[in-house]
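# Geometric and topological summary
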Amino acid sequence: MKELVNKINDKLHSLIKENEVSRVFHGRGGTIPEYDFINVDLYPPAIFITIFKDVDYSEFVNLLILEHGEVRPIIVQERFGKEVKSLSLGVALPEKHIVFEHGLKYLVNLEQNQNTGFFLDMKDERYKLIEDSKDKNILNLFSYTCSLSVASRQGGAKQVVNIDQKKTFLNIGRENHRLNSLDQNVIYKSWDILKSFNQIGKYGPFDTIICDPPSNQGKSFFYKKDYQKIIRRMSAFLAKDGVFVACLNTPFETTQFLKGLFENDEKNWELVEERFSSTEYKEIDKENGLKICIFKKIG
């Protein structure tokens, strides 16, 4: 264990100098099987440890506290019980916790919810949007706290439409745009996507549609029965040669599931690229994590 913690500490010291939010150790990727229940992230100034199995992890955490506890917050999130539990160790978290990625600012909360408000596995996708959004009209479905929208506006998107059912998430998204002075030409709608196709379409045609849903959102969305409905209806609002960025994060499917959603209408779609989690996520099998299939509309 000490050898692993030493490697994590070496990486942490290097990343701390860069002051950028990062995955430090991706145990869930299975590259070190005996520690596949631990993830470690850096949300400067905090170290965020996620535990996915009910085992004694105290030695691991204590070694990190010994190295960092006097100067930075250390948050441990237990994800193995019926309820998510968080332990705050080390020094106190900032009252308003803002992290940086690709030079942009984002609000996070490491104690309130299971999710921090920011998905690190999309880090590379945000960079691609910064590089490739110039003058585009972009639809961001299941936008959560709108980090993809912030990256798109930084890249020069002429308009981004963010759709999410939860107003609380969209409010954080607004603040993320304001933090970066990118709050012009951004639309926020707290709509149920499956009941709002016509309203959404009024903001098109779109050059890019991003769909990054939860695998299961109660009665309002389940990927196996509802994802294809979104693709079929939204394709009408996509400009010719526009792209549909189809994302899914569940270990129970591969990219073949996403590709299958487009097969019935394959004359109108061309698969451009398959992508996976950020390169910081070292994984034995990339298919177990985030999957992204990018299709261009050709019909």
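The rules we used
Residues numbered from 1 in each chain as written. Predicted model: local features only at pLDDT ≥ 70, side-chain atom pairs only at ≥ 80, totals over all residues. Heavy atoms only, no water. Pairing = 2+ DSSP bridges. Helix = DSSP H or I, 4+ residues; strand = E, 2+ residues; numbered from the N terminus. Axes fitted to C-alpha atoms, helices over the stretch in contact; angles between N-to-C directions. Salt bridge = Lys/Arg side-chain N within 4 Å of Asp/Glu carboxyl O. Buried < 20%, exposed > 50% of the residue type's maximum accessible area, 1.4 Å probe, protein only. Phe/Tyr/Trp six-rings, centres within 6.5 Å; stacked < 30°, edge-to-face > 60°. Lys NZ or Arg CZ within 6 Å of the ring centre and 35° of its normal.

## A word on the sheet that holds strand 3 (residues 46–51)
Consider a sheet: its strands pair through backbone hydrogen bonds, and that pairing is either parallel or antiparallel. Spatially, the five strands line up as an open sheet ordered 1-2-3-4-5, and their pairing is mixed. Strands with a single pairing partner mark the edges of an open sheet, and in this sheet they are strand 1 (22–26) and strand 5 (85–90). Taken over all neighbouring pairs, the strand axes of this sheet differ in orientation by 20 degrees on average, direction set aside. In this structure, strand 4 (residues 73–78) lies alongside strand 5, joined through six bridges in antiparallel fashion. In the sheet register, Glu78 faces strand 5, and the bridge partner there is Lys85.

## Let's talk about the pattern of salt bridges
Applying the stated criterion across every chain yields a total of 14 salt bridges. Here Glu3 ties to Lys7 by a salt bridge, and the two come within 3.9 Å at their closest N and O atoms. With Glu3 and Lys7 both in helix 1 (residues 2–18) and four residues apart, the pair spans about one turn of that helix. Between Arg126 and Glu101 there is a salt bridge, with the nearest N and O atoms lying 2.6 Å from each other. Taken together, the residues Arg126 in helix 3 (residues 123–131) and Glu101 in strand 6 (residues 98–101) connect sequence positions 25 residues apart. Like Glu101, Arg126 is buried.

## Brief notes about the packing of aromatic side chains
What the rule picks out here adds up to 12 aromatic pairs. Seen from their ring centres, Tyr144 and Phe169 are 4.7 Å apart, and the 75 degrees between their planes marks the pair as edge-to-face. Taken together, the residues span a long stretch of sequence, with Tyr144 in the loop between strand 8 (137–141) and helix 4 (147–154) and Phe169 in helix 5 (residues 167–179) at a distance of 25 residues. With a relative accessible area of 12%, Tyr144 lands in the buried category. Here Phe222 and Tyr223 contribute two aromatic rings whose centre-to-centre distance is 5.2 Å and whose plane-to-plane angle is 55 degrees, an arrangement assigned as tilted. Taken together, the aromatic side chains of Phe244, Phe262, Trp269 and Phe295 make up a single cluster linked through ring pairs. Its end group placed over the ring of Phe52, Arg28 keeps NZ or CZ at 4.0 Å from the ring centre. Sitting above the plane of the Phe118 ring, Arg126 keeps its charged end 4.0 Å from the centroid.

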